[in-house]
Amino acid sequence: MSDLLRYCLRKPGAWRDEPWEGDVVAKVGDKIFAFVSPETVTLKCGRNRLEADELVHIHPEDVTASAYIGRYGWNTVRLGGSVSDAEVRELIDQSYAEVVAKLPKSKRPTG
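For the structure given in this document, a descriptive report is provided here. (Residues numbered from 1 in each chain as written. Predicted model: local features only at pLDDT ≥ 70, side-chain atom pairs only at ≥ 80, totals over all residues. Heavy atoms only, no water.)

**Remarks on the environment of Pro60**
Which entries qualify depends on this criterion: In this description a helix means any DSSP run of H or I spanning at least four residues, a strand means any run of E spanning at least two, and both kinds are numbered starting from the N terminus.
Residue position: Pro60 is located in the loop between helix 2 (49-58) and strand 5 (63-65). Taking C-alpha positions, Pro60 is 9.3 Å from Ser82, a pair spaced 22 residues apart along the chain.

As structure tokens, then:
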């Protein structure tokens, strides 16, 4: 298990899933907050494409709008590039918080 996935799974209520063969994700409740691979992590980086594009403009070589879900504010971040490890962790924190905020109160983790 990668350090990045371990970081994701330390979040309250987070759990690992593989909804599609070979695609590892971190979920909270029944919602994905991170798609994790050895080379990339895909995260919710804004409420919409416009907000998520801010990160793309800062790191055009290493951040792209995600296929299929990019229009909803999801970006794919290439690991080991211009986005520092600390910033990747901050982006994970933000993605997690964004997803938790949209969960029904009864499904939100406590703690």
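**As for the nonpolar core**
Applicable threshold: To form a nonpolar core, buried Ala, Val, Leu, Ile, Met, Phe, Trp, Tyr and Cys residues must be joined to one another through side-chain atoms within 4.5 Å. Three labels apply to residues, based on accessible area from a 1.4 Å probe with only protein chains included: buried if under 20% of the type maximum, exposed if over 50%, partly exposed otherwise in between. Whether two residues are in contact is decided by their heavy atoms, any of which lying within 4.5 Å being enough.
Counting residues in hydrophobic clusters, the biggest one holds 27 residues, and the most contacted among them are Phe33, Ala34, Val41 and Ile92. Sorting the residues of this core by element identifies helix 1 (3-9), strand 2 (23-28), strand 3 (31-36), strand 4 (40-44), helix 2 and helix 3 (85-102) as the ones contributing at least two each. Here this core gets six residues from one element, more than from any other, and that element is helix 3. Contact partners of Ala34, with chain neighbours within four places excluded, come to Cys8, Val24, Val25, Ala26, Val41, Thr42 and Leu43.

**Some thoughts on the sheet that holds strand 1 (residues 14-20)**
Our working definition: Paired strands are those between which DSSP finds at least two bridges. Axis definition: a line fitted to C-alpha atoms, limited for helices to the stretch in contact. Angles are taken between N-to-C directions and run from 0 to 180 degrees.
Spatial strand order, 1-2-3-4-6-5: six strands in an open sheet with antiparallel pairing. On the outer flanks of this sheet lie strand 1 and strand 5, each paired with one strand and no other. Each strand axis lies, on average, 30° off the axis of its neighbour in the sheet, ignoring direction. Bridging between strand 2 and strand 3 involves five bridges; their strand directions are antiparallel.

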